[in-house]
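Examination of the molecular architecture
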Amino acid sequence: MPITDPELIRIVERRLFDVKICRRCGAKNPLRATKCRRCKSTDLRLKKKATAKYK
Ligand SMILES: [Zn+2]
């Protein structure tokens, strides 16, 4: 189901990108996380913006 409301899209995008990705195992972590919740690695990156398009 495509989302057409631009305000809603903004909210969804903020949710999607407020996340850190573990470079070792690829797990999603909270933005405030300092280490991975799955493998305890500290090698986290922020999820890049404007890359994913969800339809
Ligand atoms: Zn990890």
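As shown above, the structure is provided for reference.
We now turn to the structure provided with this report.

Definitions and limits used
Residues numbered from 1 in each chain as written. Predicted model: local features only at pLDDT ≥ 70, side-chain atom pairs only at ≥ 80, totals over all residues. Helix = DSSP H or I, 4+ residues; strand = E, 2+ residues; numbered from the N terminus. Buried ≥ 20, exposed ≤ 12 C-beta atoms within 10 Å, placed from the backbone. Contact = placed C-beta atoms within 7 Å.

Attention now moves to the overall build of the protein. Broken down by element type, the protein carries 1 helix and 3 strands. Reading the protein from its N end, one meets helices and strands in the order α-β-β-β. Within the protein, buried positions represent 7% of all 55 residues. Here the analysis covers contacts within the protein between residues at least 6 apart in sequence; of these, 22% occur between residues at least 24 apart.

The phi angle at K40 is positive, at roughly 65°, despite the residue not being glycine. Along the chain, the position of K40 falls in the loop between strand 2 (28-30) and strand 3 (44-46). The class of K40 is exposed, set by 10 C-beta atoms lying within 10 Å.

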